[in-house]
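# Fold and geometry: a report
Read off the chains here:
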Amino acid sequence: MRSISDIAEEYDFLDADERYRLLIELGRELEAMPDALKTDATLVRGCSAQVWVYPTGDTEKLHFMADSNAAITKGIVALVISAVQDRPASEVAAMDVTAALEPFDLKNQLSSNRTQGVPNMIALVKEHAARIAAG
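This one's a predicted model, so the numbers in the text were calculated from it and none came from an experiment.

Turning next to the pattern of salt bridges. In this structure the tally under the stated criterion is eight salt bridges. A salt bridge links glutamate 25 to arginine 2; the nearest nitrogen and oxygen atoms lie 2.6 Å apart. Here glutamate 25 is found in helix 2 (residues 16–29), whereas its partner arginine 2 is found in the segment before helix 1 (4–12), with 23 residues between them in sequence. As a salt-bridge pair, lysine 38 and aspartate 67 come within 2.5 Å of each other at their nearest N and O atoms. Here lysine 38 is found in the loop between helix 2 and strand 1 (51–57), whereas its partner aspartate 67 is found in strand 2 (residues 62–68), with 29 residues between them in sequence. In the salt-bridge network here, residues are joined through shared partners; they are Arg2, Glu10, Glu25 and Glu29.

Here's what the structure looks like:
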């Protein structure tokens, strides 16, 4: 998975249509999430599309599997995951993920119904990280 800074660098040079294509491409690059993990327990609340996030890993290296049933939303999910993937749990718990996503200006680039679940997804990721970090 590409780093959030590499993605931001590429995103910066693109026009609106190309940004949509990049988000779709990022979504396609997400690690496949087995259907068995797409349950009510892994469903992110408040998203207009269905979004699932499944955390794995330990205090040293958190790893997330995620998926969505909508292409653009899946790309946004990939952006969030790229900010936290394979980092120590304590770092993710303390991280300002919203700030990490600011270069993408998602609120102005996408419709509000595509971004409304982002804070919920960030909260879920950070809660899991804090729980793992606390051990």
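Looking now at the nonpolar core. Val53, Leu79, Val84, Val97, Leu101, Phe104 and Met121 are the most contacted members of the largest nonpolar core, which totals 36 residues. Mapped onto this core, the elements with two or more residues apiece are helix 1, helix 2, strand 1, strand 2, helix 3 (71–84), helix 4 (89–94), helix 5 (97–101) and helix 8 (118–134). A total of nine residues in this core trace back to one element, the largest contributor, which is helix 3. What valine 53 contacts, discounting residues up to four positions off in sequence, is Met33, Thr42, Val44, Phe64, Met65, Ala66, Met121, Leu124 and Val125.

Rules of the game
- Residues numbered from 1 in each chain as written.
- Predicted model: local features only at pLDDT ≥ 70, side-chain atom pairs only at ≥ 80, totals over all residues.
- Heavy atoms only, no water.
- Salt bridge = Lys/Arg side-chain N within 4 Å of Asp/Glu carboxyl O.
- Helix = DSSP H or I, 4+ residues; strand = E, 2+ residues; numbered from the N terminus.
- Core = buried A, V, L, I, M, F, W, Y, C linked by side-chain atoms within 4.5 Å.
- Buried < 20%, exposed > 50% of the residue type's maximum accessible area, 1.4 Å probe, protein only.
- Contact = heavy atoms within 4.5 Å.

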